[in-house]
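Coordinate analysis (summary)
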Amino acid sequence: MSTKVSDYILQRLREWEVERVFAYAGDGINGLLAAWERADNKPQFIQSRHEEMSAFEAVGYAKFSGKVGVCAATSGPGAIHLLNGLYDAKLDHVPVVAIVGQTNRTAMGGSYQQEVDLLSLYKDVASDFCEMVTVPEQLPNAIDRAMRTAYARRTVTAIIVPADVQELDYSPPTHAFKMVPSSLGMASYAPVPAAAEITKAAEVLNAGEKVAILIGQGARGARAEVEAIAEQLGAGVAKALLGKDALPDDLPYVTGSIGLLGTRPSYELMQGCDTLLVIGSSFPYSQFLPDLDQARAVQIDIDPHMIGLRYPFEVNLVGDAKETLKALLPQLRKKKHGSWRKKIEKDTARWWEVMERRAAVEADPINPEYVVHALDALLPNDVILAADSGSAANWYARHLRMRGTMRGSLSGTLATMGPGVPYVIGAKFAHSERPAIALVGDGAMQMNGMAELITIAKYWPEWQDPRLVVAVLNNQDLNQVTWEMRAMSGAPQFLPSQALPDVPYADFARSIGLDGVRVEKPGDVEAAWHRALGSDRPFVIDFRTDPAVPPIPPHASLDQIEAAASAIVKGDSDRVGMIRQGFKAKVQEMLPGRGPGGDSGARGGADEK
């Protein structure tokens, strides 16, 4: 039997060592589906409930495996549905290849059913490489370039294949004019800046007395080098959210996350430093960095397109983080670990005491910070974590301490709702031997997480370790937006947009063969985590949490807290749990530097405002 174009596409993916394709069926890829049958489902077709979830699962797979994630969808609506997940990959610099169908070539331009101009639609999200295959000879070049570009530029690429082209007999490019032969593979490489640029950077860093380091996901492969640099410079290290797993939190000088979802020690680190080193991060919020005339600064990034952003850097080094730091280290003079380093370590230790106090604050019915704080000590050292966008991301950022070989991620730049559950599905296909946990809000769970429980129910028997825990912070509120309204607009809460129906998430999980429990009392939280982490199948915990617990930014002033409290008091008095007489006092107790335990490194007095 002859080899069809669709057969060759799957063959070439196998030659690129693609083991799984996250996809959903449709007649625009019928040729590919038939080829999958002929190929004995290799690479494995992973069926989601929705194409957007296929894309998110490919992103999760790529984030946690280091390999290209591949997703596929039909023409028209299927291709459109992929877009949100593809933009998540593009903005977080994750390698993903999308293979999408298109109507027959004979119908193009005829306003045919499901005909969408996919080249125009995808020209932004797959701007580095997006091609339509119209003749067999374009393969294998189209696939090879899509894979190589995704790997090399850590981005999204796309291949569009009309339905009739999928059915053509495959014929390779020949040794002829206007033919483009291709070859497999891509060697690893690690660029290093010129020696003179390394010396300039060393001069800046050696001159500083109070050095702060900010790392992102680009520093993940350079853990040992970052630790050595921090020791040499007596520096503290803050982490952008996408770099949360790049360095363990049990190091005393690691101040944790930075930004609106970050920690007070990270905020103070940036406020007090005279020198800044940024490694592998494009953290966007410059207001959380030192004042523009405060610190001399050096940036290291492998992507020249992302260099020099966010701050007036004195030296911009384009290179691989690990190799660049290895070249930089011998030129750095060891600094004494004096008052600066001691303050960083003291502030950080006290911050974790503050987190413990915040988790202990009474709430109705359960403090969401306690839910996540209780998990921290129970985390397996090889766990893979994902947090969805919303208030759940705050608690993930602040209460979970990375250690061992833990991995974690979320939608960092797009900050879209919905990737929490599909991320951990992708993670389980990347590392079926490791446990995985998703922290999601009830908004994200209702948006698409519940449907993807069906995907989990379908595939979990294939996984070496069956543990996949979905923790739903069920507060019947789109909580992050509610608090943003209060903090930014002084508005209490617009219930028609914010209030969510209560859903029995654990019951649904049990109805499809998974396990789960609903938790409505603080005393049952820890037992639920133990039960979920010891389960012989995926597990859903429905935590009934209090929507009135605020995700306080690390730089919050008392004026801002009072405004937020006033906004609640003006709200709907019929909303149980949203209005309490002691709200302002409890919020003040949760602020760093206040309540039991005294000072936590936060500024007191007028500086607090």
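A brief structural summary.

Parameters and conventions
- Residues numbered from 1 in each chain as written.
- Predicted model: local features only at pLDDT ≥ 70, side-chain atom pairs only at ≥ 80, totals over all residues.
- Heavy atoms only, no water.
- Buried < 20%, exposed > 50% of the residue type's maximum accessible area, 1.4 Å probe, protein only.
- Helix = DSSP H or I, 4+ residues; strand = E, 2+ residues; numbered from the N terminus.
- Pairing = 2+ DSSP bridges.
- Right-handed = clockwise from strand over helix to strand, strands pointing away.
- Axes fitted to C-alpha atoms, helices over the stretch in contact; angles between N-to-C directions.
- 1 Å grid on protein atoms, 1.4 Å probe; cavity = no way out; pocket = protein on both sides within 12 Å on 5 of 7 lines; lining within 4 Å.
- Points joined across faces, edges and corners; volume = space filled by probe spheres on them.
- Contact = heavy atoms within 4.5 Å.
- Core = buried A, V, L, I, M, F, W, Y, C linked by side-chain atoms within 4.5 Å.

Further remarks concern the pairing of strand S15 (residues 436-441). By the criterion of burial, S15 is predominantly enclosed, with 6 of the 6 residues buried. In this sheet, S15 lies alongside strand S13 (residues 384-387) in parallel orientation, the contact comprising 4 bridges. Paired with Leu385 across the strands is Ile437, a residue of S15. As defined by bridge partners, S15 adjoins strand S16 (residues 468-474) across 6 bridges and the pair is classed as parallel. Paired with Ala436 across the bridge in S16 is Leu468. One crossover worth recording links S15 to the parallel S16 by way of helix H16 (residues 442-459), and it is right-handed.

On to the sheet that holds strand S10 (residues 275-279), then. Here we have 6 strands laid out as an open sheet, ordered S9-S8-S7-S10-S11-S12, and parallel in their pairing. Two strands lie at the open edges of the sheet, namely strand S9 (254-257) and strand S12 (315-318), each paired on one side alone. Neighbour-to-neighbour, the strand axes of this sheet turn through a mean angle of 15°, independent of strand direction. Looking at chain direction, strand S11 (residues 296-301) and S12 are connected through 4 bridges and run parallel. What sits directly across from Ile300, in S12, is Leu317.

Empty space among the atoms can be located by rolling a probe the size of a water molecule over them. Estimates place the volume of the second largest pocket at around 190 Å³. In terms of lining, the second largest pocket is formed by Phe129, Glu131, Val135, Glu137, Gln138, Asn141, Ala142, Arg145, Lys178, Met179 and Val180. Among the elements that take part in the lining of the second largest pocket, helix H6 (residues 141-153) stands out by supplying 3 residues, more than any other.

Let's shift gears to unusual backbone geometry. For residues other than glycine, phi is negative in most cases, and the peptide bonds are mostly trans. Backbone torsion omega between Leu139 and Pro140 reads 10°, so that peptide bond is classified as cis. Position of Pro140 relative to the elements: it lies in the loop between strand S5 (130-132) and H6. Of note, the bond from Asp364 into Pro365 is cis; its omega dihedral lies within 30 degrees of zero at 0°. On the secondary structure map, Pro365 appears in the loop between helix H12 (339-360) and helix H13 (368-376). Phi angles above zero are rare outside glycine, and Asp40 is one such case at about 60°. One non-glycine residue with positive phi stands out, namely Gln114, at about 60°. With respect to the element layout, Gln114 can be found in the loop between strand S4 (96-102) and helix H5 (118-121). The exposure class assigned to Gln114 is partly exposed, which follows from its relative accessible area of 32%.

Within the secondary structure, Leu82 is located in helix H4 (residues 77-91). Here Leu82 is in contact with Glu51, Ser54, Ala55, Cys71, Ala73, Ala98, Val100 and Tyr122, once residues within four sequence places are set aside.

A word on the nonpolar core. Inside soluble globular proteins, nonpolar side chains tend to come together where they are buried. By size, the foremost hydrophobic cluster in this structure holds 56 residues, and its most contacted members are Leu82, Leu86, Val96, Tyr122, Met445, Ile456 and Val470. At 8 residues, the largest contribution of residues to this core is made by helix H3 (residues 51-65). Counting residues in hydrophobic clusters, the runner-up holds 38 residues, among them Val371, Ala393, Ile437 and Ile541.

Right, let's get into the sheet that holds strand S14 (residues 407-409). Across the sheet, which stays open at both edges, the 6 strands sit in the order S14-S13-S15-S16-S18-S17 with parallel pairing between neighbours. Lying at the two open borders of the sheet, with one neighbouring strand each, are S14 and strand S17 (515-519). Neighbour to neighbour, the strand axes of the sheet diverge by 15° on average, direction disregarded. In the sheet, S17 pairs with strand S18 (residues 539-544) via 5 bridges, with the strands oriented parallel. Bridge pairing links Gly516 to Val540 in S18. Together, S13 and S14 form the strand contacts of H3, whose direction differs from that of S14 by roughly 140°. The sheet contacts of helix H15 (residues 420-430) involve S13, S14, S15 and S16, and relative to S15 the element is tilted by about 170°.

Distances and angles like these do not, on their own, reveal function.
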